[in-house]
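This is what each chain is made of:
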Amino acid sequence: MRNISSVLGRLAKSISISLVLFFAVITTTHAQDAANGAALFKANACQSCHTMGRKGVGPDLIGLSERRDMAWIVKWIHNPQGMIDSGDEQAVALKAEFPTVMTPFASLSEGDIADIVAYLDAEKVKMEEKKAAAGATGGGAASSDANTMMIIGLVALFVVAVAVIFALNRVTKTLERVIANNQAAIAEAQAKHEEVGESSSAKFAKAFLKNKKLVGFVVLMVVGLLGVMGWQTMWNVGVHQGYKPVQPIKFSHQIHAGVNQIECQYCHGGAFKSKNASIPSANVCMNCHNTVTASDHYDGNISPEIAKLYRAVDWNPDTRTYGTNTRPIEWVRIHNLPDFAYFNHSQHVVVAGVECQTCHGPIQDMEEVYQYSPLTMKWCVDCHKSTEVNKDNAYYDQLIEAHEKLKKGEKMTAAMIGGLECGKCHY
């Protein structure tokens, strides 16, 4: 009997250890699957169309494993258009609700897809935990604890206030006794101080007024100082270097031109073909932001600044439709030349090959745009004096050709050297 009991005990112990190891392996494998699924989800840019917790370009994927079986999910990811063409009811319904058909990902194995589904299940658990935590914070128990702490705090504050008042009262009485005992000495000291101060000031004033050369020198210095201050003030009239107004939308050039390296001309296309660089329309912004919502940084919600853009174009991100209640974005102009000054962006950007940063500064590093250069006539003249002519430009080839014709005595008209350009007279 003892041998049997010993054997059964060892067997039970072995089974317990095996179960613990099994559950540990299962838990570790699941965590690894979810981590691999998160990496695959981001590597394949799934977040550009699918937003956790709400609809985007595609459906909300939270709870996908509960709505669809794994075999259907694998077929859909491998060939979504084929399933629609085959008449699959669920695939046809998705097509009707979301017109943009998903790109097939045939390179993903069934194991990869299972990992992605595990990641989505983990995200669902996180969202439910957040909701539960938020609900617990707003419960009656928390409110009761807050009321108790408030009462204790008020009582403590009252006790401290009474103690401070008592201490101040004792200090005040002590100071009153000291002043009463030394009133005569204080009055005598004040009288001596006033007498010495008045006599010193009077002596200094008389000595200063008697020295005519010193008075003249001081007057001359004051006039010179006022003249310099007045000249600097007048010189900087109309110069707004460093001007950085508050814009209706906090558009970050650092993120767009710096981090994402978007070309300046993608938004300011006029710089290549016209006098003005032009302000991009909201439709240019929506080329990207109909899907880019920056929700990763706002707990799944749309960025407040992107939401302002949606309100301006009356875009509904849930139904992905435009409304009719549009309104302009009232951008505040920063760089503003006087009416008598003519500046052509295309002449500088295309013909001369000037970089945008030459005038606008390190725009790719600016979180908020400000006027980098003074834009004064002296600043422009200094730039023209130091900038070398681009000799490989076809514009100057035409001037050389015209010069050669003039040397040969051939007929040349103003129209042949750009005299018919509208900007010569109208600007």
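As shown above, the structure is provided for reference.
Residues numbered from 1 in each chain as written. Predicted model: local features only at pLDDT ≥ 70, side-chain atom pairs only at ≥ 80, totals over all residues. Heavy atoms only, no water.

S.K.: Please give an account of the overall build of the protein that cites residues and values.
M.R.: Assigned secondary structure in the protein consists of 17 helices and two strands. Each of the 427 residues in the protein was classed as buried or not, and the buried ones make up 19%. The contacts of the protein with a sequence gap of at least 6 include a subset with a gap of at least 24, amounting to 59%. Here the protein has roughly 31,200 Å² of accessible surface; of this, 62% comes from carbon and sulfur atoms. (Helix = DSSP H or I, 4+ residues; strand = E, 2+ residues; numbered from the N terminus. Buried < 20%, exposed > 50% of the residue type's maximum accessible area, 1.4 Å probe, protein only. Contact = heavy atoms within 4.5 Å. Areas by Shrake-Rupley, 256 points an atom, 1.4 Å probe, with all protein chains shown as cover.)

S.K.: Tell me about the environment of W76, residues and numbers included.
M.R.: Inspection of the secondary structure puts W76 in helix α3 (residues 70-78). In sequence terms W76 and F105 are 29 residues apart; their C-alpha atoms lie 9.2 Å from each other. Those residues in contact with W76, other than ones at most four positions away along the chain, are M83, I84, A91, L94 and M102.

S.K.: Before we move on, can you summarise helix α17 (residues 394-408) with the specific residues and values?
M.R.: A rise of 1.5 Å per residue sets the reference length of α17, with its 15 residues, at 21 Å; its end C-alpha atoms lie 21 Å apart and thus fit the reference within 8%. Trailing α17 by a residue or two, G409 shows a phi angle of about 85°, which is positive. (Expected span 1.5 Å × (residues − 1).)

S.K.: Provide a residue-level description of the nonpolar core, including the pertinent values.
M.R.: Ranked by internal contacts, the top residues of the largest apolar core, which has 25 residues, are F41, W72, I73, W76, I77, L108 and L120. Looking at this core, the elements that each hand over two or more residues are α1 (2-43), α3, α4 (80-85), α5 (89-97) and α6 (110-137). Apart from the residues lying within four places of it in its own chain, the contact partners of I77 are M102, P104, F105, L108 and I113. (Core = buried A, V, L, I, M, F, W, Y, C linked by side-chain atoms within 4.5 Å.)

S.K.: Explain the pattern of salt bridges residue by residue, including any values.
M.R.: Applying the stated criterion to the full structure yields six salt bridges. The salt bridge partner of K124 is E66, with a shortest N-O separation of 2.3 Å. One end of the pair, K124, is in helix α6; the other, E66, is in helix α2 (residues 64-67), and 58 residues separate them in sequence. Look at K124 and you get buried, because its relative accessible area is 17%. (Salt bridge = Lys/Arg side-chain N within 4 Å of Asp/Glu carboxyl O.)

S.K.: Tell me about the packing of aromatic side chains, residues and numbers included.
M.R.: Under the definition given, this model contains four aromatic pairs. Seen in terms of ring centroids, F41 and Y119 are 5.4 Å apart; in terms of plane orientation they differ by 50°. Their pairing is tilted. On the criterion of sequence distance, the pair formed by F41 in helix α1 and Y119 in helix α6 is long-range, its members being 78 residues apart. Here F41 matches Y119 in class, with each residue buried. Plain terms: the ring middles of W72 and W76 are 5.6 Å apart, the flat faces sit at 5° to each other, and that makes the pair stacked. On the criterion of helical spacing, the pair formed by W72 and W76 is a turn pair, its members being four residues apart in helix α3. Both residues of the pair, W72 and W76, belong to the buried class. (Phe/Tyr/Trp six-rings, centres within 6.5 Å; stacked < 30°, edge-to-face > 60°.)

S.K.: So what about the state of the cysteines? Which residues, and what values?
M.R.: Going through the model one piece at a time under the given rule, you end up with zero disulfides. Of the cysteine sulfurs around C49, a residue in no disulfide, the closest is that of C46, at 8.5 Å. Sulfur of C264: no disulfide; nearest cysteine sulfur belongs to C356 and is 4.0 Å away. (Disulfide = S-S within 2.5 Å.)

S.K.: Before we move on, could you go through unusual backbone geometry and cite the residues and values that matter?
M.R.: Of note, the phi angle at R320 is positive, near 55°, even though the residue is not glycine. For R320, the location among the structural elements is in the loop between β1 (315-316) and β2 (321-322). One non-glycine residue, L375, lies in positive phi territory at about 60°. Inspection of the secondary structure puts L375 in the loop between α15 (356-360) and α16 (377-386). Assessed through its relative accessible area of 23%, L375 is described here as partly exposed.

S.K.: Explain α3 to me, and be specific about the residues and the numbers.
M.R.: Each α-helix turn comprises 3.6 residues. Residues three or four places apart therefore point the same way. Of the positions making up α3, those classed as buried are W72, I73, V74, W76 and I77. Between the side-chain oxygen of the N-cap and the backbone nitrogen of A71 there are 3.2 Å, and the N-cap of α3 in question is D69. (Polar contact = N/O pair within 3.5 Å; in protein donor to acceptor, adjacent residues only side chain to side chain.)

S.K.: Before we move on, can you summarise the environment of T51 with the specific residues and values?
M.R.: With respect to the helices and strands, T51 occurs in the loop between α1 and α2. Sequence separation between T51 and N301 is 250 residues, and the spatial gap between their C-alpha atoms is 9.2 Å. Aside from chain neighbours lying at most four places away, what touches T51 is D60, S295 and G300.

S.K.: How would you explain a nonpolar patch on the surface if you had to name every residue and give the values?
M.R.: Together, L214, F217, V218, M221, V222, L225, L226 and M229 line one region of the surface with nonpolar side chains, adding up to about 750 Å² of accessible area. Among the secondary structure elements, M221 is positioned in helix α9 (residues 212-235). (Patch = residues over 30% accessible without salt bridge, like charges linked within 9 Å, V, L, I, M, F, W, Y side chains within 5 Å.)

S.K.: Explain the side chain of S373 to me, using residue names and the numbers behind them.
M.R.: Position of S373 among the secondary structure elements: in the loop between α15 and α16. Judged by its relative accessible area of 3%, S373 is buried. Polar side-chain contacts of S373 include one of 2.6 Å to the backbone oxygen of C359.

S.K.: Quick rundown of the packing of helix α12 (residues 282-289) against helix α13 (residues 304-313)? Include the residues and the values.
M.R.: Two packed helices can be described by the angle between their axes and the distance between those axes. The contact between α12 and α13 brings their axes to 11 Å, and the two run at 125°. Classified by the interaxial angle, the pair formed by α12 and α13 is oblique. By crossing handedness, the relation of α12 to α13 is classed as left-handed. Along the contact surface, α12 presents A282, C285, M286 and H289, while α13 presents I306, L309, Y310 and V313. (Axes fitted to C-alpha atoms, helices over the stretch in contact; angles between N-to-C directions. Parallel < 35°, antiparallel > 145°, perpendicular 65-115°, else oblique. Left-handed = near helix turned anticlockwise from the far one by under 90°.)

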